[in-house]
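Structural features, examined
What follows is each chain in one-letter form.
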Amino acid sequence: MEYFLAIDKGEFETKERFTKLSLKSIDKRRGKASLEKPNNLKNIATFTMSFNNSQELKSFLISMNILPKIYQYYDVVIAYEEPYSKKIRFLEVAYKCYEKYFDINNLSKLIAQRIKKNPEFLFQFLNYFPPYYSKKAYYALKKTPLRIKELTTKVKDFLESLSYSFVEPEEPSFLGLYLAAILLANYDNIKSKILPFNPNISPQALKVEEPILQTKLF
C-alpha cells in the first residue's frame, strides 16, 4: 500500500476532495526512492517531522514547485487507498513536536502511564483499532494487572503486533503504529505545542535533504 501527501479541499468539495502531491523531485534531489514507493508511511512521517508546522512544510513544498500556491491555505494530509474498499482515507500529518510519540519504547511507557492513571483508557485504546492485531497480544494486555512495568511490556507487545497485521497482514505496516502515536498525541493536546510559523526562515534553510536519517521511528 502506498501513501502520499495530499491537499484536502474539504468534505463539501463537489469534485475530487484530495489532490495528490508528487514527491518525486524530493526523492531525485536526495538520490533515493523513499517517499514514493509501496509501504512508505514511515518515510513520509520522518519527512514531515523535520518541519515545525504545516506552514513550514507548505512553504518548502511551494519552493520545490510541488504545491501550487492556489492550494496553500488548504490542509496537507497523508492519504492512502484502502486495498479492498478502494476508498481514500487520510491521516493527520505529524510535525516535529510529535517525535516523542514515534519511539515505541517511549510510546509504550506513555500509554501505560495513562492506563495506570485511568484504567478506562485501556478499553478506549484497544477499541480504537479495527481487529487487525494479534489476538494473543490483545488479550494479554487486556488482562494485565495495573503494575506499570508489566503494563508497559504488554503495551509494547500490542503495538508491535499492529505493525505486522494492520490492513495488510502479508507485509509489515506502519499504519497501526502511526495511529497509536497520533491517538496519544491528540489525548495530550500536542497541537497546542506546535511552534508558530517563522516567515523569516527561507525554505532553502530547512534541513530536509536527508529526513530519513534524522528521526528513529520504532
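Remember, it's a predicted structure, so these values are computed and weren't measured experimentally.

Definitions and cut-offs
Residues numbered from 1 in each chain as written. Predicted model: local features only at pLDDT ≥ 70, side-chain atom pairs only at ≥ 80, totals over all residues. Heavy atoms only, no water. Phe/Tyr/Trp six-rings, centres within 6.5 Å; stacked < 30°, edge-to-face > 60°. Helix = DSSP H or I, 4+ residues; strand = E, 2+ residues; numbered from the N terminus. Buried < 20%, exposed > 50% of the residue type's maximum accessible area, 1.4 Å probe, protein only. Lys NZ or Arg CZ within 6 Å of the ring centre and 35° of its normal. Salt bridge = Lys/Arg side-chain N within 4 Å of Asp/Glu carboxyl O. Contact = heavy atoms within 4.5 Å. Polar contact = N/O pair within 3.5 Å; in protein donor to acceptor, adjacent residues only side chain to side chain. Axes fitted to C-alpha atoms, helices over the stretch in contact; angles between N-to-C directions. Parallel < 35°, antiparallel > 145°, perpendicular 65-115°, else oblique. Left-handed = near helix turned anticlockwise from the far one by under 90°. Pairing = 2+ DSSP bridges.

**Brief notes about the packing of aromatic side chains**
All chains considered together, the criterion is met by twelve aromatic pairs. Here Phe-121 and Tyr-187 contribute two aromatic rings whose centre-to-centre distance is 4.9 Å and whose plane-to-plane angle is 90°, an arrangement assigned as edge-to-face. Of the two residues, Phe-121 sits in helix H5 (residues 120–126) while Tyr-187 sits in helix H8 (residues 175–187), which places them 66 residues apart along the sequence. Residue Phe-121 is classed as buried on the basis of its relative accessible area of 1%. Ring pairs connect the aromatic residues Phe-121, Phe-125, Phe-158 and Tyr-187, which therefore count as one cluster. Against the face of Tyr-71 rests Lys-9, its NZ or CZ located 5.7 Å from the ring centre. Above the ring of Phe-121, the side-chain terminus of Arg-114 is found at 5.6 Å from the ring centroid.

**Some details on the pattern of salt bridges**
Here the structure, examined in full by the defined rule, presents five salt bridges. A salt bridge links Arg-17 to Asp-8; the nearest nitrogen and oxygen atoms lie 2.7 Å apart. Relative accessible area serves as the criterion here: at 10%, Asp-8 is assigned to the buried category.

**Considerations on the environment of Tyr-187**
With relative accessibility at 37%, the residue Tyr-187 sits in the partly exposed group. Separated by 73 residues in sequence, Tyr-187 and Arg-114 place their C-alpha atoms 9.8 Å apart. Ignoring anything within four residues of it in the chain, the contact list for Tyr-187 reads Arg-114, Phe-121 and Gln-124. There is a polar contact of 2.8 Å between the side chain of Tyr-187 and the side chain of Gln-124.

**Quick look at helix H3 (residues 54–63)**
Counting along an α-helix, one turn takes 3.6 residues, and residues three or four places apart therefore face a common direction. Listed as buried for H3 are Glu-56, Leu-57, Lys-58, Phe-60, Leu-61 and Ile-62. Among the structural elements, strand S1 (3–8), helix H1 (24–30), helix H2 (41–48) and strand S3 (75–81) are those in contact with the buried residues of H3. Two or three places before Gln-55, at the start of H3, stands the capping residue Asn-53, its side-chain oxygen 3.3 Å from that residue's backbone nitrogen. A positive backbone phi angle near 60° is found at Asn-65, which sits one or two residues after H3.

**Points about the packing of helix H4 (residues 104–117) against H8**
Between H4 and H8, the shortest axis-to-axis distance is 11 Å and the interhelical angle comes to 50°. With respect to each other, H4 and H8 are oriented oblique. Considering only the axes of H4 and H8, their crossing is left-handed. Residues Ile-104, Leu-107, Leu-110, Ile-111 and Arg-114 of H4 form the contact with H8, whose own contacting residues are Leu-177, Ala-180, Ala-181, Leu-184 and Tyr-187.

**Here's the deal with the pairing of S3**
Counting buried residues in S3 gives five out of seven residues, a clear majority hidden from the surface. Sheet topology note: the S1/S3 ladder contains six bridges and is antiparallel. Among the inter-strand pairings, Leu-5 is bridged to a residue of S3, identified as Ile-78. Bridge analysis of S3 against strand S4 (residues 88–91) gives four bridges, and the strand direction is antiparallel. Within S4, the residue paired with Tyr-80 across the bridge is Arg-89. In sequence, S3 turns back onto S4 through a hairpin of six residues, with Lys-86 there showing a positive phi of about 65°.

**Details of the sheet that holds S4**
The strand order across the open sheet formed by four strands is S2-S1-S3-S4, and the pairing between neighbours is antiparallel. Both edges of this open sheet fall to strand S2 (18–20) and S4, since each of them pairs with a single strand only. Mean inter-strand twist for the sheet, computed between neighbouring axes without regard to direction, equals 45°. Strand contacts of H2: S1, S3 and S4, with the helix running at about 50° to S1, the strand carrying the most contacts.

Fair warning: the whole summary comes from geometry, so function is off the table for now.
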